[in-house]
There are 2 protein chains.
Amino acid sequence: MNGKRMTILDVARETGVYYSTVSRALRNDRRIPEPTRLRIRLAARRLGYVPNRVARSLAHGATHTIGIMLTDMQSYFVAPMDEFQNFSDRSNYTLSVHFCSWDQRRERKGLQHFAEGRVEGVIWAPVQWEGPEFVQSIADLQAARIPVVMLGLQRDQQSVPFHQVGAKPADKLALGLDYLLGRGHRRIGIATATNLNGQRGRLHVERLALLRGLFEARGLPLLADDIFNVVDEDYGGFDIAAELSRRAPPRPTAIFALDDFLARGLMKGLRVLGLKAPEEISVLGFDVVGDEAAGRWPLTSVWLESRRMGELAVKQLFKIIRREAANTPPQTIIVPPRIVEGGSVGKNETNSLFLKESHDTDPAKTSS
Amino acid sequence: MNGKRMTILDVARETGVYYSTVSRALRNDRRIPEPTRLRIRLAARRLGYVPNRVARSLAHGATHTIGIMLTDMQSYFVAPMDEFQNFSDRSNYTLSVHFCSWDQRRERKGLQHFAEGRVEGVIWAPVQWEGPEFVQSIADLQAARIPVVMLGLQRDQQSVPFHQVGAKPADKLALGLDYLLGRGHRRIGIATATNLNGQRGRLHVERLALLRGLFEARGLPLLADDIFNVVDEDYGGFDIAAELSRRAPPRPTAIFALDDFLARGLMKGLRVLGLKAPEEISVLGFDVVGDEAAGRWPLTSVWLESRRMGELAVKQLFKIIRREAANTPPQTIIVPPRIVEGGSVGKNETNSLFLKESHDTDPAKTSS
DNA sequence: TTGAAAGCGCTAACAG
DNA sequence: CTGTTAGCGCTTTCAA
């Protein structure tokens, strides 16, 4: 019970064969006849043998693992992770995930761990695209001959020593703005939250600045009063809805909400407060996440193509790992922006807002 | 550039010492004199040598890695993960994280991977506490002599072959209910969402059932109309707020909101709709996550002690790894429930709801 | 202080 | 088809 770990030697001894025969049997080598194989596998199971991947990897020089380095555990990453999983499952690779919590030192250490662990590839959403840690990490990975695909795009597209997959915020915002213009809107408001802490706030600052430029480039006026810059982390959309319902009709006919939470909170708020969307006011979302709901989603939005990005990233990585694109110069894959129109309203809209008493626990069961 | 990976042999050749000297130098063995050590480290860096942890682990038999198996990437796990990171950083261990997306097959495969990779310990939040996969995974881990600490509690406390850390839902609900009773509330409503898909819906079903029992045990009436069972995934709290504001004053004086989202949406909705909390109606949250905000949080709530659970779990695991508790019988650590009162209101409450134009980009910069 | 050599658990090339 | 043997890259005695 509390002895040493079993090795193939133990299994060999138990079954009376040579230990390389055990090794082969356990890997289902067709040269070992079926019955022997079975006998060996059974013995291994009986003894509680667990193969040692450390030794295995050292021997044949492949870890069959890929490393994922992410900034944090945001829902943003759920869809990409799902793609990583699916793809590597199919290829019989395993994922090793690290979150650095926006800490570049942690990021550096984690990547070093990947490099020393000889993962066969890395997908990395960097905290920053510069600085000594960043450069060092790239160097480590290169020295260990580990291919990297970045999630996201570096700002200035110099020739960089890594592949990258991402979307361009400016293109996405332009698409959204032009969509609204195309629908006849001339007074367009912006819902944003530039003052939030951390990355989310920074994104809003960037988006608002870009959007300002786009308004200007199109000769479109942007009234200070039409920038709804909220302070509430998660439910700010509700404040905007309230503010809008307070305003007399010379008001924006559309609101471009610069993130998922804001957009959905705003939609919900408008509905609860009795302002009809899109009849009285239109809402366009940005970077909306819930991707399975595409089409059934009541909100029209510039899509966050995170699933697509994940898919492209992992495919590119495996291309390199499989030497199909070994010495390809690093590629920059840009995901084109896309608008998904709020289609047939989801289930939440068709039914009542509340569930009524009826489908309770079976009374027969409560008697026990 | 595109040659083979460097090994200590290359470094030895480069520096003219024996390769075991290199091994020692790189691990900062004090027997190697300072200057030699430095010379070797420099050469290693120059050559782009990256230590091979696979080989290292095989040689000394320790991977210095712990495996984390989680059901999904929910915010629930952010605080525990943070504790895991902090603790293992300090002990110079690295984390390998897996998410199984509530898929028991994936969970099984991932744990097997951990076992074969000889991680030195596992923290595991199981999808289910039973079934063949569960039993097999436990067996694997035991066969590989890998200690496990579970995140969560098994229902019937049989003597189980693993440590576990968790809280009891019934205790938490009872604490919450008695808190409200203690504040004089007699007509208490419940905000829930039993119809949501996946785990969240299941949790609501469980909580509502438990709470029903607690009401009954205290001889407290629970009106069907006072169960606000919403259908909206994220903003159902708004719907409840709207419904409450519609009702004439013989209505609940307090609402026990059975999850974080519901509670916060409800609070926000009440404020926007002009219903004063807690003067006109009290809200008690449940399993509220935002733990850094403790005290500054405007919402009184039965706390989700996820950080504490994470901390206790990782501490327990390291105790076992360090043999301080090697052959201790598996312990069940129960985190006592706790209510955190919404203290001094956070920054979001003191200021206006909107940010006004003023702190824009420096005009000096726009001129460029 | 450093060199020599054994070995971690397994794979794979080569015989037989 | 199975036994033999040589590593994989590193750590760790044991000598010198």
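Quick caveat, the model's predicted, so the values are computed rather than measured.

(A) Summary view of the environment of A:Ala254. Residues and elements named next belong to chain A. Along the chain, Ala254 turns up in strand β8 (residues 254–257). Sequence separation between Ala254 and Pro278 is 24 residues, and the spatial gap between their C-alpha atoms is 8.3 Å. Not counting the four nearest positions on each side in its chain, Ala254 is found in contact with Leu180, His185, Arg187, Ile188, Gly189, Ile281 and Ser282.

(B) The arrangement of the pattern of salt bridges in detail. One pass over the structure, following the stated rule, counts 52 salt bridges over all chains. Salt-bridge contacts for B:Arg13 lead to B:Asp10; the nearest nitrogen and oxygen are separated by 3.2 Å. With a gap of 3 residues between them, B:Arg13 and B:Asp10 both fall in helix α1 (residues 8–15), about one helical turn apart. For B:Arg13, a relative accessible area of 63% gives the class exposed. Note that B:Asp234 is salt-bridged to B:Arg200, the shortest N-O span being 3.9 Å. Of this pair, B:Asp234 sits in the loop between β7 (227–230) and α10 (236–246) while B:Arg200 sits in helix α9 (residues 198–217), placing them 34 residues apart in sequence. Connected via shared salt-bridge partners are A:Asp82, A:Glu83, A:Asp89, A:Arg307 and B:Arg106.

(C) Representation of α1(B) in the model. Residue and element names in this part refer to chain B. Among all positions in α1, only Val11, Ala12 and Thr15 are buried. All buried residues of α1 fall inside an arc of 100° around its axis, so they share one side. Those residues of α1 hidden inside the fold are in contact with α2 (19–26) and α3 (34–47). Regarding α1, its N-cap is Thr7, as a side-chain oxygen of that residue lies 3.0 Å from the backbone nitrogen of Leu9 further along. Looking one or two residues past α1, Gly16 carries a phi angle of roughly 75°, positive in sign.

(D) Expanded view of unusual backbone geometry. Phi at A:Arg118 takes a positive value of approximately 55°, unusual for a residue other than glycine. One can find A:Arg118 in the loop between α6 (104–116) and β3 (121–124). A positive phi angle is found at B:His64, which is not glycine, with a value near 50°. When you line up the elements, B:His64 lands in the loop between α4 (53–60) and β1 (65–70).

(E) Layout of the interface of chain A and chain B. Opposite the 84 residues of chain A that make contact, chain B presents 84 residues. Note on chain A versus chain B: buried area summed over both sides is about 7700 Å², and carbon and sulfur give 52% of it. Considering only the surface of chain A that becomes buried against chain B, A:Arg5, A:Met73 and A:Tyr235 emerge as the three largest contributors, covering 10% of it. Counting every contact that joins chain A to chain B gives 10 salt bridges. Residue A:Asp239 pairs with B:Lys268 through a salt bridge whose shortest N-O separation is 2.6 Å. Across the contact surface, chain A and chain B share 30 residue pairs in polar contact (both at pLDDT 80 or more). Looking at the side of chain A that touches chain B, the element that brings in the most residues is helix α11 (residues 260–273) of chain A, giving 7 residues. For the side of chain A that touches chain B, the class distribution of residues is 33 nonpolar, 27 polar and 24 charged.

The rules we used
- Here the residue index of a chain counts from 1 through its sequence in written order.
- Each chain is given a letter, starting from A, and each ligand a number, starting from 1, according to the order in which they appear as written.
- Note on the predicted model: pLDDT of at least 70 is required for a residue's local features to be given, and 80 or more for side-chain atom pairs to be given and counted; whole-chain, interface and lining totals, by contrast, use all residues.
- Side-chain figures throughout are based on the complete set of non-hydrogen atoms in the structure, without hydrogens or water.
- Comment: elements are numbered from the N terminus, with helices defined as DSSP H or I runs of at least four residues and strands as E runs of at least two.
- Any two residues having at least one pair of non-hydrogen atoms within 4.5 Å are treated as being in contact.
- Think of a salt bridge as a Lys or Arg side-chain nitrogen and an Asp or Glu carboxyl oxygen that are within 4 Å of each other.
- When a residue's accessible area, from a 1.4 Å probe over protein chains only, is under 20% of the maximum for its type it is buried; when over 50% it is exposed; and in between it is partly exposed.
- Note: the arc covers the axis-to-C-beta directions of the helix.
- Two N or O atoms count as a polar contact when they lie within 3.5 Å, although within protein this holds only if one can serve as hydrogen donor and the other as acceptor, and sequence-adjacent residues are included solely when both atoms are side-chain atoms.
- Once two parts are joined, some of their accessible surface, as seen by a 1.4 Å probe, is lost; buried area is that loss totalled over both.
- Each residue is assigned to one of three groups, with Ala, Val, Leu, Ile, Met, Phe, Trp, Tyr, Cys and Pro labelled nonpolar, Asp, Glu, Lys and Arg labelled charged, and all others, Gly among them, labelled polar.

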